[in-house]
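This is what each chain is made of:
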Amino acid sequence: MKRGLTISGVVLILFLGWQFVDTNRLFADVYYAKVPSAEVIDRGTTYTYEMIGYDEDGKKRPITFQDPTRLAEGDFLKVYVKDEGRVTAYEPAAESEVPAQLKDEQTDEPVAIPLP
């Protein structure tokens, strides 16, 4: 009887715990990218983003995904990629989390030199 209750309790805990696990992020490769300007497709209802993503080791790869919302140009994203480049999820990332290679390579702002 105790064994049956223990097994039922473990199964219940696993079932309830699984409800809070985001399967889109589970076992996905994580890349950091900077949002470029979006290309509008399908009469303005879908935006296509083509960007270069960097992992924590500084390796880069091209990332392309479509989203119905327009993302702010220049923001940093944490992108979750599965199965041969399929983007399953993304979230905003703080600039402090982003690998240095992304900051160095993709700075588009001109350097201001103070005048004497």
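No experiment lies behind these values; they were computed from the predicted model shown.

1. Side note on the overall build of the protein chain
Piece 1. Scanning the protein chain from terminus to terminus reveals two helices and six strands.
Piece 2. Listed by position from the N terminus, the elements making up the protein chain come as α-β-β-β-β-β-β-α.
Piece 3. When each of the 116 residues of the protein chain is scored for burial, the buried share is 30%.
Piece 4. For the protein chain, contacts bridging at least 24 residues in sequence account for 43% of all contacts bridging at least 6.

2. Quick notes on the pairing of strand S4 (residues 60-67)
Piece 1. Relative to S4, strand S3 (residues 46-54) runs antiparallel, the two sharing eight bridges. For Tyr49, the partnering residue across the bridge sits in S4 and is Phe65.

3. Things to note about the packing of aromatic side chains
Piece 1. A full pass over the atoms with the stated rule returns two aromatic pairs.
Piece 2. With centroids separated by 5.4 Å and ring planes inclined at 35 degrees, the aromatic side chains of Phe65 and Tyr90 adopt a geometry described as tilted. Of this pair, Phe65 sits in strand S4 while Tyr90 is found in strand S6 (residues 86-92), placing the two residues 25 residues apart along the sequence.
Piece 3. Take Phe65: its relative accessible area is 7%, and that puts it in the buried class.

4. Notes on unusual backbone geometry
Of all residues except glycine, most have a negative phi; of all peptide bonds, most are trans.
Piece 1. In this model, Phe27 sits at a positive phi of 60 degrees, which is unusual for a non-glycine residue.
Piece 2. Locating Phe27 in the fold gives a position in the loop between helix H1 (2-18) and strand S1 (29-34).
Piece 3. Its relative accessible area of 76% is what places Phe27 among the exposed residues.

5. Considering the pairing of S3
Piece 1. Within S3, seven of the nine residues are buried, which leaves the element mostly enclosed by the surrounding structure.
Piece 2. Taken together, S3 and the strand that follows it, S4, pair antiparallel across an intervening segment of five residues, in which Gly58 is found at a positive phi of about 90 degrees.

6. Notes on the side chain of Lys78
Piece 1. Inspection of the secondary structure puts Lys78 in strand S5 (residues 76-82).
Piece 2. Here Lys78 sits buried without a salt bridge, and the closest side chain of opposite charge, Glu91, lies 4.2 Å off (N-O distance).
Piece 3. Once residues within four sequence positions are removed from consideration, Lys78 is found in contact with Val30, Tyr31, Tyr32, Ala89, Tyr90, Glu91, Ala93 and Glu97.

What counts and how
- Every chain begins its residue count from 1, and numbering advances along the sequence as written.
- Only residues with pLDDT of 70 or above have their local features reported here, since the model is predicted, and side-chain atom pairs are shown and tallied only from 80 upward, although totals for entire chains, interfaces and linings are computed over all residues.
- As a rule here, side-chain values cover all heavy atoms of the structure and leave hydrogens and water aside.
- Strands here are runs of E lasting at least two residues and helices are runs of H or I lasting at least four, both read from the DSSP assignment and numbered beginning at the N terminus.
- Each residue gets one of three labels from its accessible area relative to the maximum for its type: buried under 20%, exposed over 50%, partly exposed in between, using a 1.4 Å probe on protein chains only.
- Should any heavy atoms of two residues lie within 4.5 Å, those residues are counted as being in contact.
- Only strands that DSSP links by at least two bridges are regarded as paired with each other.
- Stacked, edge-to-face and tilted are the three classes for Phe, Tyr and Trp ring pairs, Trp counted by its six-membered ring, which pair at centre distances within 6.5 Å; planes under 30 degrees apart are stacked, over 60 edge-to-face, the rest tilted.
- All tallies of charge rest on Lys and Arg as positive and Asp and Glu as negative; His and the ends of each chain are not included.
- Salt bridge, as used here, is a side-chain nitrogen of Lys or Arg placed within 4 Å of a carboxyl oxygen of Asp or Glu.

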